[in-house]
Amino acid sequence: MRTHRIAVVPGDGIGKEVVPEGLRLLAAVEKKVGGFHCEPTRFPWGSDYYRAHGVMMPEDGNATLKPFDAILFGAVGDPELPDHLTLWGLRLKICQGFDQYANVRPTRIFPGVPSPLAGRGAGDIDWVIVRENTEGEYSGVGGRAHRGLPIEVAMETSVFTRAGVERVMRFAFRLAESRPRKHLTVITKSNAQRHGMVMWDEIAADIAKEFPAVTVRKLLVDAATTVMVKDPRSLDTIVATNLHADILSDLAGALAGSLGIAPTANLNPERQFPSMFEPIHGSAFDIMGKGVANPIATFWTVAMMLEHLGEQAGADAIMRAIERVCAEGKFLPADIGGKARMAETTDATISALG
Ligand code: GGG
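Here the residue numbering is sequential within each chain, running from 1 through the sequence in written order. Where local features are concerned, this predicted model is filtered to residues with pLDDT of at least 70; where side-chain atom pairs are given and counted, the filter is 80 or more; whole-chain, interface and lining totals use all residues. To get the side-chain values, all heavy atoms of the structure are used, and hydrogens and water are removed first.

Regarding helix α4 (residues 83-97)
Line of reasoning, step 1. Two axes define the bend at a residue: one fitted to the seven residues ending there, one fitted to the seven starting there, and the bend is the angle between them. A run of DSSP states H or I qualifies as a helix once it reaches four residues; a run of E qualifies as a strand once it reaches two. Both are numbered from the N-terminal end. Along α4, the sharpest change in direction is near 40° and occurs at Arg91.
Line of reasoning, step 2. The buried label applies to any residue whose accessible area, calculated with a 1.4 Å probe on protein chains only, is under 20% of its type's maximum; exposed applies above 50%, and partly exposed to all values in between. Those residues of α4 that sit buried are Thr86, Gly89, Leu90, Arg91, Leu92, Ile94 and Cys95.
Line of reasoning, step 3. Asp99 lies just past α4 and shows a positive phi near 50°.

Now the structure itself:
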């Protein structure tokens, strides 16, 4: 029996609801597929922990997480606390501390899930967005001076390192090469941002020479929003900076039906540190406690985690079950046009494993 140690950080809001559903599905997959066991250890970090202890996670939290094989994360954000405090105190502390530089965000329209794009359905969107995940606009470099005075100033500096851009580009090219279309769209804004983004473009063009089988398209981030809506089939693998990819992947999720389906993997590809898996959606306090959150993003997230752990059969079983539940349509949550409660969607997905 292969055992994988999983650190579980449900975090805030509906993160505390969808993560237990993900673990419930995971236990069912283990039983069905056999041969492996994921041993979860829960950490109650997040905004409630902050209210009790003054920090989102302990100072030595990353040292505690380091020996685990993977981290399953829920969501972070609380309407009573400043967002920059909660995000930097937990999610970004883990992503940056563990050098999880490649954030992989697949998007697909599943048969049975309505897209808000008129006339579009399954097959029209099949994208993987690679988000640079440790620097760029999220480098944390900057500061404020003359606080509270009329001459107050705030600076937020984007930092692009050659090593940081090269490694995420290489990761994205490799991923594009592994997919049938072998096509990579490089998102940029080098017409306006003439330092970091120009270096980004230059590095993309250099790395492209290592991958002759991959066709490359360069697209300004603003134009990319139009292409995503009007010509979604022209896109396949997409690489973008931390902020650009954050925004584009929300749009991608919405176009594929709902952010409630979209998963993400924060990868340290060299496996020097554990990687972290989470639904893209946030804490969604507006629906917290109602039992109506969509657990499908967490199910797909668990599938990505299993794939990373080498449990491909388990990952495939989850994806097939999600597709069945969506196609059948009887137990879809409200955000994708159904009436099912969260637990009913989980029960249906567990039944669909069989
Ligand atoms: N599960 C994802 C999550 O909790 N995201 C919270 C958030 O505000 N993320 C913004 C970002 O990472 O840029």
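Read on for the rest.
Looking at the side chain of Ser190
Line of reasoning, step 1. With respect to the element layout, Ser190 can be found in the loop between β8 (183-188) and α6 (196-208).
Line of reasoning, step 2. Setting aside its immediate chain neighbours within four residues, Ser190 contacts Met197, Val198, Asp201, Lys218 and Leu220. Working rule for contacts: check all heavy atoms of both residues, and any pair within 4.5 Å makes them a contact.

Brief notes about the site of the ligand
Line of reasoning, step 1. Residues are classed as near a molecule or strand on a simple rule: at least one heavy atom within 4 Å of it. Around the ligand sit 13 residues, and of these Val76, Arg91, Tyr138, Glu278 and Pro279 come closest.
Line of reasoning, step 2. Here a polar contact is recorded for every N or O atom pair within 3.5 Å, except that within protein the pair must consist of a potential hydrogen donor and a potential acceptor, and residues adjacent in sequence are included only if both atoms are side-chain atoms. Measuring from a nitrogen atom of the ligand, one finds a side-chain N or O atom of Glu278 at 2.9 Å.
Line of reasoning, step 3. Here the ligand loses 83% of its free accessible area of 360 Å² to cover by the protein chains.
Line of reasoning, step 4. For the shell around the ligand, the secondary-structure elements that each account for two or more residues are β3 (70-75), α4 and β12 (275-279).
Line of reasoning, step 5. The residue makeup of the shell around the ligand, split by class, is six nonpolar, three polar and four charged. Per-residue and other accessible areas were derived by the Shrake-Rupley procedure at a 1.4 Å probe size, with only the shown protein chains allowed to occlude residues. Polarity classes work like this: nonpolar for Ala, Val, Leu, Ile, Met, Phe, Trp, Tyr, Cys and Pro, charged for Asp, Glu, Lys and Arg, and polar for all others, with Gly in that last group.

As for the side chain of Thr301
Line of reasoning, step 1. Examined against the element boundaries, Thr301 turns out to sit in helix α9 (residues 296-308).
Line of reasoning, step 2. Owing to a relative accessible area of 0%, Thr301 belongs among the buried residues under this scheme.

Structural notes on the pattern of salt bridges
Line of reasoning, step 1. Salt bridge criterion: a side-chain nitrogen from Lys or Arg within 4 Å of a carboxyl oxygen from Asp or Glu. Evaluation of the coordinates by the stated rule reveals 21 salt bridges.
Line of reasoning, step 2. Residue Arg24 pairs with Asp347 through a salt bridge whose shortest N-O separation is 2.9 Å. With a gap of 323 residues between them, Arg24 in helix α1 (residues 15-33) and Asp347 in helix α11 (residues 342-352) connect regions that are remote in the sequence.
Line of reasoning, step 3. The partner of Arg179 in a salt bridge is Asp236, with the nearest N and O atoms 3.0 Å apart. With Arg179 in the loop between α5 (162-178) and β8 and Asp236 in the loop between α7 (221-230) and β10 (237-240), the pair connects residues that are 57 residues apart, well separated along the chain.
Line of reasoning, step 4. Residue Asp236 is classed as buried on the basis of its relative accessible area of 5%.
Line of reasoning, step 5. Bridged by salt links that share partners, the residues Lys16, Asp48, Arg51, Asp78 and Glu80 form one connected network.

Things to note about the nonpolar core
Line of reasoning, step 1. As used in this record, nonpolar core signifies buried Ala, Val, Leu, Ile, Met, Phe, Trp, Tyr and Cys residues forming a set joined through side-chain atoms within 4.5 Å. Judged by nonpolar contacts, the single largest core of 64 residues is most densely connected at Met169, Trp200, Leu306, Ile318 and Ile322.
Line of reasoning, step 2. Those domain boundaries reflect an automatic or database domain assignment. Two domains each donate at least three residues to this core, and these are domain 1 (1-101 + 265-354) and domain 2 (126-255).
Line of reasoning, step 3. The contact partners of Ile322, leaving out residues within four places of it in the chain, are Phe110, Ile296, Phe299, Trp300 and Thr349.
Line of reasoning, step 4. Listed in part, the 19 residues of the second largest apolar core include Ile129, Met228, Ala245 and Ala256.

Points about unusual backbone geometry
Line of reasoning, step 1. Of note, the phi angle at Asp99 is positive, near 50°, even though the residue is not glycine.
Line of reasoning, step 2. Of note, Asp99 is situated in the loop between α4 and β4 (102-108).
Line of reasoning, step 3. Of note, the phi angle at Ala284 is positive, near 45°, even though the residue is not glycine.
Line of reasoning, step 4. With respect to the secondary-structure elements, Ala284 resides in the loop between β12 and α9.
Line of reasoning, step 5. Ala284 gets classed as partly exposed once you look at its relative accessible area, which sits at 27%.

A look at the domain arrangement of the protein
Line of reasoning, step 1. Under the domain assignment used here, the protein contains domain 1 (1-101 + 265-354) and domain 2 (126-255).
Line of reasoning, step 2. A separation of 25 Å is found between the C-alpha centroids of domain 1 and domain 2.
Line of reasoning, step 3. Facing twelve residues of domain 1, the contacting portion of domain 2 comprises twelve residues.
Line of reasoning, step 4. Carbon and sulfur atoms make up 55% of the area that domain 1 and domain 2 hide from each other, which totals about 980 Å².
Line of reasoning, step 5. Where domain 1 packs against domain 2, one counts one salt bridge.
Line of reasoning, step 6. Arg167 is paired through a salt bridge with Asp99; the nearest N and O atoms lie 2.8 Å apart.
Line of reasoning, step 7. Scanning the region where domain 1 abuts domain 2 turns up five residue pairs in polar contact (both at pLDDT 80 or more).
Line of reasoning, step 8. Where the side of domain 1 that touches domain 2 is concerned, the elements lending two or more residues are α4 and β11 (263-267). The term buried area refers to how much accessible surface (probe radius 1.4 Å) is lost by two components on association, counted for both of them together.

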